[in-house]
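Breakdown of the fold
Single-letter residue listing:
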2 protein chains.
Amino acid sequence: MVKKQTIEKILRFTPKFDKNGLIPVVAQDARAGQVLMAAYMNRRALDLTIETGYAVYFSRTRQKLWKKGEESGHTQKVEQILVDCDQDCLVLKVTVEGGQCHAGYQSCFYRALKKGSSKKLEFIAKKAYNPEKVYKKGKYPRHGRVSA
Amino acid sequence: MVKKQTIEKILRFTPKFDKNGLIPVVAQDARAGQVLMAAYMNRRALDLTIETGYAVYFSRTRQKLWKKGEESGHTQKVEQILVDCDQDCLVLKVTVEGGQCHAGYQSCFYRALKKGSSKKLEFIAKKAYNPEKVYKKGKYPRHGRVSA
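The present account deals with the structure reproduced in this document.

Taken together, six strands build an open sheet; the order of strands is E2(A)-E1(A)-E6(A)-E5(A)-E7(B)-E8(B) and the sheet is mixed. Either end of the sheet is taken by a strand with one partner, and the two such strands are strand E2 (35-41) of chain A together with strand E8 (121-123) of chain B. Across the sheet, the mean angle from the axis of one strand to that of its neighbour is 30 degrees, orientation sign disregarded. Pairing of strand E1 (residues 23-29) of chain A with strand E6 (residues 90-96) of chain A involves five bridges; the strand directions are parallel. Within E6(A), the residue paired with A:Asp29 across the bridge is A:Val94. Helix H2 (residues 43-52) of chain A contacts E2, strand E5 (76-83) and E6 of chain A together with strand E7 (111-113) of chain B of the sheet and is inclined by roughly 125 degrees relative to E2(A).

Where burial is concerned, the two faces of strand E3 (residues 56-59) of chain B agree: the one with B:Val56 and B:Phe58 and the one with B:Tyr57 and B:Ser59 are both buried. Counted along the chain from E3(B) to the antiparallel partner strand E4 (residues 64-67) of chain B, the turn is four residues long, and its residue B:Gln63 has a positive phi close to 50 degrees.

Here the focus is the pattern of salt bridges. All names here are of chain A. By the definition in use, this model includes four salt bridges over all chains. Note that Arg43 is salt-bridged to Asp47, the shortest N-O span being 3.0 Å. Linking Arg43 with Asp47, this pair stays in helix H2, spanning four residues, or about one helical turn. A salt bridge links Lys77 to Glu79; its shortest N-O distance comes to 3.9 Å. Note on Lys77: relative accessible area 37%, which makes it partly exposed. Judged by its relative accessible area of 29%, Glu79 falls in the partly exposed class.

By secondary structure assignment, the location of A:Cys101 is in the loop between E6 and strand E7 (111-113). Note on A:Cys101: relative accessible area 0%, which makes it buried. When near neighbours in sequence (up to four residues on either side) are disregarded, A:Cys101 contacts A:Gln106, A:Ser107, A:Cys108, A:Tyr110, A:Tyr129 and B:Cys85.

What follows covers unusual backbone geometry. With phi around 60 degrees, A:Gln87 is a residue other than glycine that occupies positive phi space. Position of A:Gln87 among the secondary structure elements: in the loop between E5 and E6. Unusually for a residue other than glycine, B:Gln63 sits at a positive phi of about 50 degrees. With respect to the element layout, B:Gln63 can be found in the loop between E3 and E4. For B:Gln63, a relative accessible area of 55% corresponds to the exposed category.

Right, let's talk about the relation of the copies chain B and chain A for a bit. Of the two same-sequence chains, chain B is brought onto chain A (RMSD 0.0 Å, axial shift 0.0 Å) by a rotation of 180 degrees. What we have between these two chains is a two-fold relation. Across chain B, the rotation axis passes nearest the C-alpha of B:Gly33, at a separation of 2.7 Å. The overlap is high: 100% of the interface residues of chain B also sit at the interface in chain A, so the same surface is used on both sides.

We now examine the sheet that holds strand E8 (residues 121-123) of chain A. Whenever strands of a sheet pair, they do so through backbone hydrogen bonds, lying parallel or antiparallel. The strand order across the open sheet built from six strands is E8(A)-E7(A)-E5(B)-E6(B)-E1(B)-E2(B), with neighbouring strands paired in mixed fashion. Edge strands, defined here as strands with exactly one partner in the open sheet, are E8 of chain A together with strand E2 (35-41) of chain B. Across the sheet, the mean angle separating the axes of adjacent strands is 30 degrees when strand polarity is ignored. As judged from the three bridges shared by E7(A) and E8(A), these two strands associate in the antiparallel manner. Across the sheet, the residue bridging to A:Arg111 is A:Phe123, located in E8(A). Here helix H2 (residues 43-52) of chain B sits on the sheet and contacts E7 of chain A together with E2, strand E5 (76-83) and strand E6 (90-96) of chain B; the angle it forms with E2(B), its principal contact strand, is near 125 degrees.

A separate point is the interface of chain B and chain A. Taken together, the contacts link 53 residues of chain B with 53 residues of chain A. Counting the surface lost from both chain B and chain A, the interface buries some 4,400 Å², and carbon and sulfur atoms represent 59% of this. It is B:Leu11, B:Phe109 and B:Arg111 that lose the most area in chain B upon contact with chain A, and together they represent 15% of the buried surface on that side. Where chain B meets chain A, there are zero salt bridges.

Calculation notes
Residues numbered from 1 in each chain as written. Chains lettered and ligands numbered in written order. Predicted model: local features only at pLDDT ≥ 70, side-chain atom pairs only at ≥ 80, totals over all residues. Heavy atoms only, no water. Pairing = 2+ DSSP bridges. Helix = DSSP H or I, 4+ residues; strand = E, 2+ residues; numbered from the N terminus. Axes fitted to C-alpha atoms, helices over the stretch in contact; angles between N-to-C directions. Contact = heavy atoms within 4.5 Å. Buried < 20%, exposed > 50% of the residue type's maximum accessible area, 1.4 Å probe, protein only. Salt bridge = Lys/Arg side-chain N within 4 Å of Asp/Glu carboxyl O. Least-squares fit on C-alpha atoms with pLDDT ≥ 70 in both. Buried area = accessible area lost by both parts, 1.4 Å probe.

Here it is, written out as structure tokens:
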């Protein structure tokens, strides 16, 4: 095991996967800076992401690899992969094709807590596309989110 | 339990904490858009964050609440709290006071994977402050990171 203080200084990419073999990943629009979604990758998903240049995640719900946009066409072209001090979280700077949230919004973070409230949200975005038209078979998508 | 499709549409803030009582949180610079760090909150940390207007996290290593900047002075003033479709991840838009990574950088994400490599990192930032001067008692800080 590499020491914490070493992990922070080295230039060897040693991503730390948790006991389930997963690492949290934040996808951020490379141009706009908007945080688009948060999800997880396993080793294989990360390797495929690096190899193909397109984001591949691991769906916890479905327990399988999932190429972002495989159904919707709303892919994420990876421009840069950032790693944090502990190497246990990644940020993907991505160029996106279409809205990134399966609910129809550009970002999964389309609601914010109302000022002065601890319970009420407000929409801060409008839908970028119609998910019912994009996702075929009338099947509600089961991905595109942290709990995916 | 609220249905998934309902969770996505409602304007009631119902953050989903995992089996350890935690929710992942991404802190993003409200002005620059830079992702600063990723950490966790429990219910109490979230309540305190909303109540005080300053980010309070839960340290997994130390199993205690931790006000960001309590030792370094590098606090996070919360401008907006965003929640994702599933309400199981938060983005905090923050105004920051000083470098946010305990290793001395503005952001914990100060390294990126080198283009064309799957193993080599490169620094993409310079230190914003000297952590040895900021953290007292010569004690190396054990927070400011996802694994905190």
